[in-house]
Amino acid sequence: MTILVAEDEPMLLKTIELKLKKEGYEVIATADGREAIEKIEASSPDMVITDIMMPFSSGLEIISLVRQKIKKKIPIIILSAIEQEKVVLEAFELGADDYITKPFSLNELTIRVKKLMIQSERNGQH
Amino acid sequence: MWSDFCLQITNFTMSEYPRLYNLVILEELGDPSAILEVLSMFFDSAPHDIQELEKLFIEKKAIPLSQLAHKIKTVVSLLQSFRLIDLLKTIETRTKETGEVASVANEVTEVVSLFAELEKQLHQEWERLKKEQSTHN
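Residues numbered from 1 in each chain as written. Chains lettered and ligands numbered in written order. Predicted model: local features only at pLDDT ≥ 70, side-chain atom pairs only at ≥ 80, totals over all residues.

Asker: Where do I start with the overall build of chain A in this structure?
Answerer: The secondary structure content of chain A amounts to five helices and five strands. Going residue by residue from the N terminus, the α and β elements of chain A occur as β-α-β-α-β-α-β-α-β-α. On C-alpha atoms alone, chain A measures out to a radius of gyration of 13 Å, which is about the 14 Å that the 2.2 N^0.38 rule sets for 126 residues. Dimensions of chain A, computed from C-alpha atoms along their principal axes, come out at roughly 30 × 30 × 25 Å. For chain A, the residues scored as buried account for 37% of the 126 residues in total. (Helix = DSSP H or I, 4+ residues; strand = E, 2+ residues; numbered from the N terminus. Rg over C-alpha atoms; globule rule 2.2 N^0.38 Å. Buried ≥ 20, exposed ≤ 12 C-beta atoms within 10 Å, placed from the backbone.)

Asker: Help me understand helix α2 (residues 33–43) of chain A in this model?
Answerer: It helps to recall that an α-helix has 3.6 residues per turn; residues three or four apart then point in one direction. Residues and elements named next belong to chain A. Within α2, burial applies to Gly33, Ala36, Ile37 and Ile40. End-on, the buried residues of α2 take up no more than an arc of 100°, which puts them together on one face. Counted as exposed and oriented over 90 degrees from the buried face of α2: Ala42 and Ser43. For α2, the elements touching its buried residues are β1 (2–6), β2 (26–30), β3 (47–51) and α3 (59–69). Count one or two residues on from α2 and you reach Ser44, which has phi positive near 45°. (Arc of directions from axis to C-beta. Contact = placed C-beta atoms within 7 Å.)

Asker: Any chance you could explain the nonpolar core here in plain terms?
Answerer: Soluble, globular proteins show a tendency: their nonpolar side chains are buried together. Formed by 64 residues in total, the largest nonpolar core has its most connected members in Val48, Ile49 and Ile76 of chain A together with Leu53, Leu65 and Leu88 of chain B. Element by element, the count of residues in this core is highest for helix α3 (residues 32–58) of chain B, at nine residues. Ignoring sequence-local partners within four residues, the contact set of Leu65 of chain B consists of Leu53, Leu56, Phe57, Ile91, Thr95 and Val101 of chain B. (Core = buried A, V, L, I, M, F, W, Y, C linked by C-beta atoms within 7 Å.)

Asker: Sorry if this is basic, but what is going on with helix α4 (residues 62–78) of chain B here?
Answerer: Taking 1.5 Å of rise per residue, 17 residues should cover 24 Å, and α4 of chain B covers 25 Å from first to last C-alpha, within 8% of that figure. Most of α4 of chain B sits inside the fold, with 13 of its 17 residues counted as buried. (Expected span 1.5 Å × (residues − 1).)

Asker: Is there a simple way to think about the interface of chain B and chain A in this case?
Answerer: In this assembly, 18 residues from chain B lie in contact with 15 residues from chain A. Going through the elements one at a time, α2 (24–27), α3 and α4 of chain B are the ones with two or more residues in the side of chain B that touches chain A. Grouping the amino acids of the side of chain B that touches chain A by side-chain chemistry returns nine nonpolar, four polar and five charged. (Nonpolar A, V, L, I, M, F, W, Y, C, P; charged D, E, K, R; others polar.)

Asker: What is the right way to read the confidence of the model for chain B from this model?
Answerer: Residues shown with low pLDDT carry predicted positions that ought not to be read at fine detail. Residues and elements named next belong to chain B. In this model, chain B carries a mean pLDDT of 88, and residues with pLDDT of at least 70 account for 87%. In this model residues 1–15 is a low-confidence stretch, pLDDT under 50, and it forms zero contacts with partners more than four residues away in sequence or in other chains. Among the scores for the predicted complex, ipTM is 0.87 and pTM is 0.88. (pLDDT = per-residue confidence, 0-100.)

Asker: I'm lost on the pairing of β3 of chain A in this one. Help?
Answerer: Side chains on a regular strand alternate between the two faces of the sheet. All names here are of chain A. Along β3, five of the five residues are buried, which leaves the element largely enclosed by surrounding structure. Alternating residues of β3 divide into Met47, Ile49 and Asp51 and Val48 and Thr50, and every residue in both groups is buried. Here four bridges tie β3 to strand β4 (residues 76–80), and the two strands are oriented parallel to one another. Pairing of Asp51 across the sheet is with Leu79, part of β4. As a crossover connection, the stretch from β3 through α3 into β4 is right-handed. (Pairing = 2+ DSSP bridges. Right-handed = clockwise from strand over helix to strand, strands pointing away.)

Here it is in structure tokens:
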């Protein structure tokens with residue numbers, strides 16, 4: 001299973017990458033939105049985890065693009081320090097499957113990833 | 001009284017050296033070498049970010065200051081450094097809302113001094129983890 005993680009803070013990106021690799025996932029790590037979009041189109045990962053505030057393209061733009069352009073229903077988790085209801089609702093309306101507010105527990109992230117992967121498998125996406 | 005003396009010692013220790021971090025999130029990595037890898041990234045980048053924060057404040061660049069405070073907040077959140085999180089949140093929101101930097105002068109000063117202490121404490125933690133790792137190996 002491959003997860004693309006888009007996060008512009010290198011230390012947090014590395015932390016998430018190390019945790020997911022330890023859990024047995026392959027990780028594609030990227031620090032900007034534009035590169036994230038390119039890599040999603042090129043590699044079609046099994047899941048996307050993305051920050052909202054990133055250089056070049058935001059996490060919300062990534063959700064829109066994935067939902068418009070990619071046929072496969074890729075689960076998307078948003079990781080963000082933004083707690084405003086308006087932004088959270090917009091993320092879900094655009095097609096996010098989950099929204100985690102920073103700072104977050106790595107174990108909680110892992111559980112949410114596993115749950116979404118199972119749901120995705122049940123829906124026959126893999 | 002012995003108990004008073006102990007209390008004084010405790011208070012002195014706590015006020016002089018309050019612990020500014022908690023590694024509970026990084027410990028969820030389940031591997032001391034992974035924690036060391038993340039901490040080494042902190043030592044490589046965070047001091048430059050703090051220097052840049054000061055520079056942006058002096059140059060009165062409110063929006064870049066707000067953006068950088070947001071970025072540093074993400075880092076110190078990983079380390080559960082709550083006083084720094086609060087200060088950086090104030091810098092981020094106030095400069096964004098007002099478009100000026102004068103109202104966050106005290107916060108910037110406190111961030112710089114607390115960060116120096118945090119860095120010192122984390123170096124000690126780093127040494128402890130390294131020692132622990134070499135003992136296990």
